[in-house]
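Residue-level listing of the chains:
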Amino acid sequence: MQQLADQFKELDFKSETYKDAYSRINAIVIEGEQEAHENYITLAELLPESHDELIRLSKMESRHKKGFEACGRNLEVTPDLQFAKEFFSGLHQNFQTAAAEGKVVTCLLIQSLIIECFAIAAYNIYIPVADAFARKITEGVVKEEYSHLNFGEVWLKEHFTESKAELELANRQNLPIVWKMLNQVEGDAHTMAMEKDALVEDFMIQYGEALSNIGFTTRDIMRLSAYGLIA
Ligand code: Y39
Ligand code: FE
Ligand code: FE
Ligand code: FE
């Protein structure tokens, strides 16, 4: 009943309540796109054979960032970038450490699987409840996020046997961080009419599909997904 009521409640995009929540969610998306831009440049250095394609993805990420900055300006919201930096610090640190050790499989799992699935879930849930300006931008962005996820899937599928152990460890280290991140923004997402249950469901569908495309069995996927619940 509450969900039905929320669904039909008019969102006031100009209210202080909405704008306050937007200052954090918009910042998370802007910071996420910036870090994704940097992560694909790092991946381009780690994977010389895919260098040009990864630079192309990194440029898409900076366009996404510009689009979401425009969404914030459109609602006259100042993004809380300090909050967003802290929000991403766990995944950011783990990506940096893996990159420094040349662990390309871990880097791909963090950016191209986990972060891209998180983005796809969030953008899919946001589109129907976004203001008209942000909806148009987000629709364009989410299409490209699928191509980023696809890059990771294809590379990891081609290197599945030798990557499997590293993927399992990286999943165990990073999936619980995603649940903590979701819990942190549950309230703000709710204010923007995005329900945590829907975010979790969409994320698990995208992530499970990705793991399946790479070569994991259903049994493996159940086991890998269960690590999220420990958070
Ligand atoms: O690859 C990408 O473009 C991903 C970096 C962008 C991250 C988006 C993170 C969205 C989380 C929003 C949480 C809202 C509930
Ligand atoms: Fe993006
Ligand atoms: Fe950094
Ligand atoms: Fe992306």
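Residues numbered from 1 in each chain as written. Chains lettered and ligands numbered in written order. Predicted model: local features only at pLDDT ≥ 70, side-chain atom pairs only at ≥ 80, totals over all residues. Heavy atoms only, no water.

Trainee: Sorry if this is basic, but what is going on with helix 9 (residues 218-226) here?
Mentor: For the α-helix, the turn length of 3.6 residues means that residues three or four positions removed from each other point alike. Of all the positions in helix 9, only Asp220, Ile221, Leu224 and Ser225 are classed as buried. Summarising the axial view, the buried residues of helix 9 lie within an arc of 125°, below the 170-degree limit, and thus occupy one face. Away from the buried face of helix 9 by more than 90 degrees, exposed residues Arg219 and Met222 are located. (Buried < 20%, exposed > 50% of the residue type's maximum accessible area, 1.4 Å probe, protein only. Helix = DSSP H or I, 4+ residues; strand = E, 2+ residues; numbered from the N terminus. Arc of directions from axis to C-beta.)

Trainee: Would you mind going over the coordination of the iron ion (ligand 4) with me for this structure?
Mentor: A four-donor tetrahedral metal ideally has 109.5 degree angles, and a six-donor octahedral metal ideally has angles of 90 or 180 degrees. Ligation of the iron ion (ligand 4) by protein atoms is provided by Glu61 (OE), Glu116 (OE), Glu116 (OE), Glu145 (OE) and His148 (ND1), these donors lying 2.0 to 2.4 Å from the ion. Bound by six donor atoms, the iron ion (ligand 4) shows angles of 56 to 166° at the metal and therefore irregular coordination geometry. In terms of primary sequence, the donors binding the iron ion (ligand 4) are separated according to E-x54-E-x28-E-x2-H. Taken as a pair, the iron ion (ligand 4) and the iron ion (ligand 2) show a spacing of 3.3 Å, with Glu61 coordinating each metal. Taken together, the residues span a long stretch of sequence, with Glu61 in helix 3 (residues 51-74) and His148 in helix 6 (residues 132-158) at a distance of 87 residues. In this structure Glu61 comes out as buried when scored by relative accessible area, which is 1%. (Donors = N, O, S within 2.8 Å, 3.2 Å for Na, K, Ca; no water. Tetrahedral: all angles 85-135°; square planar, octahedral: opposite > 155°, others 65-115°.)

Trainee: Would you mind going over the site of ligand 1 with me for this structure?
Mentor: Around ligand 1 lies a shell of 15 residues, among which Gly32, Glu33, Glu61, Glu116 and Glu145 are the nearest. A distance of 2.8 Å separates an oxygen atom of ligand 1 from a polar side-chain atom of Glu61. A distance of 2.8 Å separates an oxygen atom of ligand 1 from a polar atom in the side chain of Glu145. In the complex, the protein chains occlude 99% of the 440 Å² of accessible area that ligand 1 would expose alone. Top contributing element to the shell around ligand 1 by residue count: helix 5 (residues 104-126), with seven residues. (Near = heavy atom within 4 Å. Polar contact = N/O pair within 3.5 Å; in protein donor to acceptor, adjacent residues only side chain to side chain. Areas by Shrake-Rupley, 256 points an atom, 1.4 Å probe, with all protein chains shown as cover.)

Trainee: Looking at this structure, I do not really get the coordination of the iron ion (ligand 2). What am I missing?
Mentor: Around the iron ion (ligand 2), the protein contributes the donor atoms Glu33 (OE), Glu33 (OE), Glu61 (OE), His64 (ND1) and Glu145 (OE), which lie 1.9 to 2.8 Å from the metal centre. Around the iron ion (ligand 2), the six donor atoms are arranged such that angles at the metal cover 51 to 174°; this shape is classified as irregular.

Trainee: Even after reading the chapter, I still don't get the packing of helix 8 (residues 196-214) against helix 9, so can you show me in this structure?
Mentor: For any two helices packed against each other, the geometry is given by the interaxial angle and the distance between the axes. In contact at an axis separation of 10 Å, helix 8 and helix 9 are set at 135° when each is read in the N-to-C sense. Considered as vectors, helix 8 and helix 9 are oriented oblique to each other. Note that helix 8 runs across helix 9; the crossing there is right-handed. For the pair formed by helix 8 and helix 9, the contact residues are Met204, Gly208, Leu211 and Ser212 on the first element and Ile221, Leu224 and Ser225 on the second. (Axes fitted to C-alpha atoms, helices over the stretch in contact; angles between N-to-C directions. Parallel < 35°, antiparallel > 145°, perpendicular 65-115°, else oblique. Left-handed = near helix turned anticlockwise from the far one by under 90°. Contact = heavy atoms within 4.5 Å.)

Trainee: I'm lost on the pattern of salt bridges in this one. Help?
Mentor: When the charged atoms of two side chains with opposite charge come close together, those side chains can pair. Considering all chains together, one arrives at nine salt bridges under this definition. The salt bridge involving Glu31 is made with Lys85; its shortest N-O contact spans 3.5 Å. Separated by 54 residues along the polypeptide, Glu31 in helix 2 (residues 16-46) and Lys85 in helix 4 (residues 81-100) bring together distant segments of the chain. Judged by its relative accessible area of 8%, Glu31 falls in the buried class. Judged by its relative accessible area of 46%, Lys85 is partly exposed. (Salt bridge = Lys/Arg side-chain N within 4 Å of Asp/Glu carboxyl O.)

Trainee: Please clarify how the packing of aromatic side chains should be interpreted in this entry.
Mentor: Each aromatic ring pair is summarised here by two numbers: the centre-to-centre distance and the angle between the ring planes. All told, the structure shown has eight aromatic pairs when counted by the stated rule. The interplanar angle of 85° and the centroid separation of 5.4 Å between the aromatic rings of Phe87 and Phe88 together place this pair among those described as edge-to-face. Its relative accessible area of 6% is what places Phe88 among the buried residues. Taking the centre distance of 5.4 Å and the plane angle of 20° together, the rings of Phe203 and Tyr207 count as stacked. Here the residue Phe203 and the residue Tyr207 both occupy positions in helix 8, the gap between them amounting to four residues, near one helical turn. Ring pairing ties together the aromatic residues Phe13, Tyr18 and Tyr22, which thus form one cluster. (Phe/Tyr/Trp six-rings, centres within 6.5 Å; stacked < 30°, edge-to-face > 60°.)

Trainee: Whenever I open this one, the environment of Pro128 confuses me. Can you help?
Mentor: Mapped onto the fold, Pro128 is located in the loop between helix 5 and helix 6. Counting along the chain gives 71 residues from Pro128 to Leu199, while the straight-line C-alpha distance between them is 13 Å.

Trainee: Help me out: how do you make sense of the packing of helix 4 against helix 7 (residues 160-191) in this one?
Mentor: Direction vectors running N to C along helix 4 and helix 7 enclose 170°, while the axes themselves pass 9 Å from each other. Taken together, the axes of helix 4 and helix 7 lie roughly antiparallel to each other. Along its contact with helix 4, which presents Phe83, Phe87, Phe88, Gly90, Leu91 and Asn94, the element helix 7 presents Gln173, Asn174, Ile177, Met181, Gln184 and Val185.

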